[in-house]
Amino acid sequence: MSGLRLELGPVKEPLGLVRGLQWFFSIFAFATCGGYSGAVSFWISCHGQPNATVTAPFAYPFRLNQATFMPSLTNLCNKTWPVDVHLVGDFSSSAQFFVTVAVFAFLYSMAALAVYLGYLHLYRGAGGKLPLVDFLTTVAFSFLWLVSSSAWAKALADVKTSTMAPLPHCLPPAATCFPAGVTPMGSLNVSVVFGFLNLVLWAGSSWFVYKETNFHRPASPPSAAAPAAVPAAM
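Anyway, here's the lowdown on the structure attached to this text. Since this is a predicted model, take the numbers as computed values, not measurements.

1. Points about the overall build of the protein
Looking only at helices and strands, one finds five helices and three strands in the protein. Counted from the first residue to the last, the protein has its helices and strands arranged as α-β-β-α-α-α-β-α. Computed over its C-alpha atoms, the radius of gyration of the protein comes to 29 Å, more than 25% above the 17 Å expected for a compact globule of 234 residues. The C-alpha extent of the protein, read off along each of the three principal axes, is 130 × 40 × 25 Å.

Below, the structure written as C-alpha coordinates:
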(Lines give C-alpha, C1' and ligand atoms only; values in the text may rest on other atoms or scores of the structure.)
Protein backbone atom coordinates (compact mmCIF):
# COMPACT_ATOMS: atom_id res chain seq x y z
CA MET A 1 0.00 0.00 0.00
CA SER A 2 1.27 3.45 -0.89
CA GLY A 3 -1.26 5.53 1.05
CA LEU A 4 -0.87 7.54 4.20
CA ARG A 5 -0.09 5.53 7.33
CA LEU A 6 0.17 7.79 10.34
CA GLU A 7 2.76 6.43 12.79
CA LEU A 8 4.08 8.28 15.83
CA GLY A 9 6.84 5.75 16.42
CA PRO A 10 9.53 7.70 14.48
CA VAL A 11 9.12 10.66 16.86
CA LYS A 12 10.28 8.40 19.68
CA GLU A 13 13.35 7.36 17.69
CA PRO A 14 16.46 9.53 17.13
CA LEU A 15 15.63 9.76 13.41
CA GLY A 16 12.39 11.66 13.98
CA LEU A 17 13.25 13.28 17.30
CA VAL A 18 16.32 15.08 15.96
CA ARG A 19 14.38 16.19 12.87
CA GLY A 20 11.84 17.78 15.18
CA LEU A 21 14.59 19.61 17.06
CA GLN A 22 16.05 20.83 13.77
CA TRP A 23 12.65 22.18 12.73
CA PHE A 24 12.23 23.92 16.10
CA PHE A 25 15.66 25.54 16.36
CA SER A 26 15.78 26.65 12.73
CA ILE A 27 12.78 28.88 13.49
CA PHE A 28 14.73 30.65 16.23
CA ALA A 29 17.78 30.97 13.97
CA PHE A 30 16.07 32.96 11.22
CA ALA A 31 13.67 34.78 13.57
CA THR A 32 16.37 36.19 15.87
CA CYS A 33 18.43 37.39 12.92
CA GLY A 34 15.79 38.42 10.39
CA GLY A 35 13.57 40.16 12.92
CA TYR A 36 16.19 42.49 14.37
CA SER A 37 16.05 46.29 14.15
CA GLY A 38 18.12 48.82 16.05
CA ALA A 39 19.69 52.26 16.00
CA VAL A 40 22.86 54.19 16.83
CA SER A 41 22.52 57.57 18.57
CA PHE A 42 24.90 60.43 19.34
CA TRP A 43 24.41 63.50 21.49
CA ILE A 44 25.93 66.58 19.79
CA SER A 45 26.88 69.80 21.53
CA CYS A 46 27.38 72.71 19.15
CA HIS A 47 29.24 75.85 20.24
CA GLY A 48 26.71 78.62 20.70
CA GLN A 49 23.77 76.50 19.49
CA PRO A 50 21.20 74.19 21.13
CA ASN A 51 22.27 70.61 21.70
CA ALA A 52 20.84 67.87 19.47
CA THR A 53 20.55 64.11 19.27
CA VAL A 54 21.01 62.30 15.96
CA THR A 55 20.04 58.69 15.29
CA ALA A 56 20.84 56.22 12.51
CA PRO A 57 18.32 53.33 12.42
CA PHE A 58 19.35 50.01 10.89
CA ALA A 59 17.85 46.54 10.58
CA TYR A 60 18.17 43.22 8.77
CA PRO A 61 19.79 42.69 6.25
CA PHE A 62 22.31 45.15 7.80
CA ARG A 63 23.18 47.42 4.91
CA LEU A 64 24.72 49.89 7.32
CA ASN A 65 26.10 52.07 4.54
CA GLN A 66 22.49 53.05 3.82
CA ALA A 67 21.73 54.03 7.43
CA THR A 68 21.80 57.84 7.63
CA PHE A 69 21.92 59.92 10.82
CA MET A 70 18.75 61.92 11.28
CA PRO A 71 18.08 64.79 11.61
CA SER A 72 20.58 65.63 8.90
CA LEU A 73 23.98 66.58 10.26
CA THR A 74 24.37 69.11 7.45
CA ASN A 75 22.02 71.44 9.36
CA LEU A 76 23.92 71.30 12.66
CA CYS A 77 26.90 73.15 14.13
CA ASN A 78 27.27 75.74 11.35
CA LYS A 79 27.45 72.99 8.73
CA THR A 80 30.43 71.23 10.28
CA TRP A 81 29.36 68.19 8.24
CA PRO A 82 29.13 69.10 4.54
CA VAL A 83 27.22 65.92 3.62
CA ASP A 84 25.02 63.40 5.37
CA VAL A 85 26.85 60.81 7.47
CA HIS A 86 26.16 57.08 7.14
CA LEU A 87 27.25 54.06 9.09
CA VAL A 88 29.99 51.97 7.51
CA GLY A 89 29.72 48.53 5.95
CA ASP A 90 27.34 46.27 4.03
CA PHE A 91 26.85 42.89 5.73
CA SER A 92 23.70 41.86 3.88
CA SER A 93 25.25 38.93 2.04
CA SER A 94 26.24 37.05 5.21
CA ALA A 95 22.98 37.84 6.99
CA GLN A 96 20.80 36.85 4.04
CA PHE A 97 22.79 33.67 3.47
CA PHE A 98 22.31 32.68 7.11
CA VAL A 99 18.58 33.37 7.07
CA THR A 100 18.14 31.57 3.72
CA VAL A 101 19.85 28.44 5.05
CA ALA A 102 17.69 28.56 8.18
CA VAL A 103 14.46 28.93 6.19
CA PHE A 104 15.28 26.06 3.82
CA ALA A 105 16.38 23.90 6.76
CA PHE A 106 13.04 24.62 8.40
CA LEU A 107 11.13 23.62 5.26
CA TYR A 108 13.16 20.46 4.65
CA SER A 109 12.99 19.23 8.25
CA MET A 110 9.22 19.79 8.22
CA ALA A 111 8.86 17.83 4.97
CA ALA A 112 11.10 15.04 6.29
CA LEU A 113 9.02 14.80 9.46
CA ALA A 114 5.87 14.47 7.35
CA VAL A 115 7.45 11.59 5.43
CA TYR A 116 8.62 9.87 8.61
CA LEU A 117 5.21 10.12 10.26
CA GLY A 118 2.99 9.34 7.29
CA TYR A 119 5.01 7.46 4.71
CA LEU A 120 7.69 5.60 6.65
CA HIS A 121 6.75 2.36 4.90
CA LEU A 122 7.56 3.96 1.55
CA TYR A 123 10.69 5.62 2.93
CA ARG A 124 12.14 2.30 4.08
CA GLY A 125 10.72 0.31 1.19
CA ALA A 126 11.99 2.34 -1.74
CA GLY A 127 15.09 0.25 -2.31
CA GLY A 128 17.24 2.61 -0.24
CA LYS A 129 16.82 5.56 -2.61
CA LEU A 130 14.89 7.88 -0.28
CA PRO A 131 17.21 7.29 2.71
CA LEU A 132 20.20 7.97 0.45
CA VAL A 133 18.71 11.27 -0.76
CA ASP A 134 17.86 12.13 2.84
CA PHE A 135 21.41 11.36 3.95
CA LEU A 136 23.05 13.45 1.21
CA THR A 137 20.72 16.36 1.91
CA THR A 138 21.46 16.17 5.63
CA VAL A 139 25.21 16.26 4.97
CA ALA A 140 24.74 19.22 2.61
CA PHE A 141 22.78 21.16 5.24
CA SER A 142 25.46 20.40 7.82
CA PHE A 143 28.03 22.04 5.55
CA LEU A 144 25.73 24.99 4.83
CA TRP A 145 25.14 25.57 8.54
CA LEU A 146 28.89 25.55 9.14
CA VAL A 147 29.59 28.09 6.40
CA SER A 148 26.62 30.37 7.04
CA SER A 149 27.03 30.42 10.83
CA SER A 150 30.74 31.18 10.58
CA ALA A 151 30.14 33.95 8.03
CA TRP A 152 27.34 35.48 10.08
CA ALA A 153 29.41 35.36 13.29
CA LYS A 154 32.19 37.30 11.52
CA ALA A 155 29.69 39.76 10.03
CA LEU A 156 28.08 40.33 13.42
CA ALA A 157 31.46 41.21 14.92
CA ASP A 158 31.92 43.75 12.10
CA VAL A 159 28.42 45.16 12.70
CA LYS A 160 29.30 45.77 16.34
CA THR A 161 32.56 47.43 15.35
CA SER A 162 30.79 49.72 12.88
CA THR A 163 28.05 50.76 15.29
CA MET A 164 30.55 51.49 18.06
CA ALA A 165 32.73 53.74 15.89
CA PRO A 166 32.89 57.46 16.79
CA LEU A 167 31.03 60.01 14.72
CA PRO A 168 33.38 61.34 12.00
CA HIS A 169 34.35 65.02 11.61
CA CYS A 170 33.31 65.79 15.18
CA LEU A 171 35.98 68.34 16.16
CA PRO A 172 35.72 70.43 19.34
CA PRO A 173 35.07 73.19 20.11
CA ALA A 174 32.85 73.62 17.03
CA ALA A 175 31.14 70.30 17.74
CA THR A 176 31.44 67.84 20.60
CA CYS A 177 29.90 64.39 20.21
CA PHE A 178 29.06 61.81 22.83
CA PRO A 179 27.69 58.29 22.21
CA ALA A 180 24.06 58.16 23.30
CA GLY A 181 23.66 54.42 22.94
CA VAL A 182 23.28 51.46 20.59
CA THR A 183 20.35 49.09 20.60
CA PRO A 184 21.43 45.87 22.39
CA MET A 185 22.30 43.02 20.05
CA GLY A 186 21.54 40.13 22.37
CA SER A 187 19.14 38.54 19.90
CA LEU A 188 21.83 38.61 17.22
CA ASN A 189 24.24 36.86 19.57
CA VAL A 190 21.55 34.25 20.17
CA SER A 191 21.12 33.78 16.42
CA VAL A 192 24.79 32.81 16.13
CA VAL A 193 24.37 30.33 18.99
CA PHE A 194 21.34 28.80 17.28
CA GLY A 195 23.29 28.61 14.04
CA PHE A 196 26.05 26.49 15.54
CA LEU A 197 23.49 24.49 17.52
CA ASN A 198 21.79 23.63 14.24
CA LEU A 199 25.17 22.62 12.85
CA VAL A 200 25.56 20.12 15.69
CA LEU A 201 22.03 18.80 15.21
CA TRP A 202 22.35 18.32 11.46
CA ALA A 203 25.83 16.81 11.66
CA GLY A 204 24.69 14.45 14.40
CA SER A 205 21.52 13.41 12.61
CA SER A 206 23.51 12.37 9.55
CA TRP A 207 24.52 9.23 11.45
CA PHE A 208 20.91 8.25 12.17
CA VAL A 209 19.94 8.85 8.54
CA TYR A 210 23.00 6.92 7.36
CA LYS A 211 21.77 3.91 9.34
CA GLU A 212 18.65 3.89 7.12
CA THR A 213 20.67 3.57 3.91
CA ASN A 214 21.85 0.40 2.23
CA PHE A 215 25.43 1.31 3.16
CA HIS A 216 24.73 0.42 6.78
CA ARG A 217 23.65 -3.14 7.14
CA PRO A 218 24.36 -5.60 9.93
CA ALA A 219 26.84 -8.26 8.97
CA SER A 220 25.12 -11.48 8.10
CA PRO A 221 25.88 -14.25 10.61
CA PRO A 222 28.22 -16.97 9.37
CA SER A 223 26.40 -20.00 8.05
CA ALA A 224 26.63 -23.09 10.19
CA ALA A 225 29.00 -25.72 8.90
CA ALA A 226 27.30 -28.77 7.44
CA PRO A 227 27.81 -31.95 9.54
CA ALA A 228 30.33 -34.35 8.12
CA ALA A 229 28.84 -37.33 6.35
CA VAL A 230 29.17 -40.65 8.20
CA PRO A 231 30.75 -43.30 5.97
CA ALA A 232 28.50 -46.22 5.29
CA ALA A 233 29.42 -49.55 6.94
CA MET A 234 30.94 -52.09 4.63
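Resuming the write-up.
2. Some points on the packing of helix α1 (residues 14–34) against helix α2 (residues 92–118)
In contact at an axis separation of 8 Å, α1 and α2 are set at 150° when each is read in the N-to-C sense. Viewed along their axes, α1 and α2 adopt a mutual orientation that is roughly antiparallel. Considering how the two elements wind past one another, α1 and α2 form a crossing that is left-handed. Tallied by class, the residues present in the contact of α1 with α2 amount to 18 nonpolar, six polar and one charged.

3. Comments concerning the state of the cysteines
Scanning the model with the defined rule gives two disulfides in all. Residue C46 pairs covalently with C77 via a disulfide, S to S 1.8 Å. The sign of the S-S torsion, about -70°, decides the handedness of the disulfide formed by C46 and C77: left-handed. Taken together, the residues C46 in strand β1 (residues 37–46) and C77 in the loop between β2 (52–59) and α2 connect sequence positions 31 residues apart. On the basis of relative accessible area, C46 is assigned to the buried category, the value being 6%.

4. A word on the environment of V115
Within the secondary structure, V115 is located in helix α2. For V115, a relative accessible area of 30% gives the class partly exposed. Setting aside anything within four residues of it in sequence, one finds V115 in contact with L120 and Y123.

5. Remarks on the sheet that holds strand β3 (residues 175–182)
A sheet is described by the order of its strands in space; here three strands give the open sequence β2-β1-β3, paired in antiparallel fashion. Here the strands that pair on one side only, and so sit at the sheet edges, are β2 and β3. Strand-to-strand, the axes of this sheet are offset by a mean angle of 20°, without reference to chain direction.

6. Considering the nonpolar core
Within the largest apolar cluster, 47 residues are counted, with the highest numbers of intra-cluster contacts made by I44, F62, F69, W81, W145 and W152. Secondary-structure elements contributing two or more residues to this core are α1, β1, β2, α2, α4 (129–163), β3 and α5 (186–210). Among all residues touching W145, those that are not within four sequence positions of it are S26, A29, F98, V101, A102, A105, G195, N198, L199 and W202. Listed in part, the seven residues of the second largest apolar core include Y116, L120, Y123 and V209.

7. Here's the deal with unusual backbone geometry
The residue after Y60, namely P61, is reached through a cis peptide bond having omega 10°. Note the cis peptide between M70 and P71, where omega equals -5°. Take P71: it is sitting in the loop between β2 and α2. Even without being a glycine, F62 presents a positive backbone phi close to 65°. Residue placement: F62 occurs in the loop between β2 and α2. By relative accessible area, F62 is classed as buried at 0%. With phi around 60°, H169 is a residue other than glycine that occupies positive phi space. Mapped onto the fold, H169 is located in the loop between α4 and β3.

8. So, the pattern of salt bridges
Pairing is possible between side chains that carry opposite charge, provided their charged atoms lie close to one another. Under the defined criterion, the tally for this structure stands at four salt bridges. Salt-bridge contacts for R124 lead to E13; the nearest nitrogen and oxygen are separated by 3.4 Å. Note that R124 is positioned in helix α3 (residues 120–124) and E13 in the segment before α1, a separation of 111 residues in sequence. We classify R124 as partly exposed; its relative accessible area is 43%. A salt bridge links K154 to D158, with the nearest nitrogen and oxygen atoms 2.8 Å apart. Of this pair, K154 and D158 are both found in helix α4, four residues apart, which corresponds to roughly one turn of the helix. Judged by relative accessible area, which is 51%, K154 ranks as exposed. Residues joined in a network through salt bridges with shared partners are E13, R124 and E212.

Conventions and cut-offs
- Residues numbered from 1 in each chain as written.
- Predicted model: local features only at pLDDT ≥ 70, side-chain atom pairs only at ≥ 80, totals over all residues.
- Heavy atoms only, no water.
- Helix = DSSP H or I, 4+ residues; strand = E, 2+ residues; numbered from the N terminus.
- Rg over C-alpha atoms; globule rule 2.2 N^0.38 Å.
- Axes fitted to C-alpha atoms, helices over the stretch in contact; angles between N-to-C directions.
- Parallel < 35°, antiparallel > 145°, perpendicular 65-115°, else oblique.
- Left-handed = near helix turned anticlockwise from the far one by under 90°.
- Nonpolar A, V, L, I, M, F, W, Y, C, P; charged D, E, K, R; others polar.
- Disulfide = S-S within 2.5 Å.
- Buried < 20%, exposed > 50% of the residue type's maximum accessible area, 1.4 Å probe, protein only.
- Contact = heavy atoms within 4.5 Å.
- Pairing = 2+ DSSP bridges.
- Core = buried A, V, L, I, M, F, W, Y, C linked by side-chain atoms within 4.5 Å.
- Salt bridge = Lys/Arg side-chain N within 4 Å of Asp/Glu carboxyl O.

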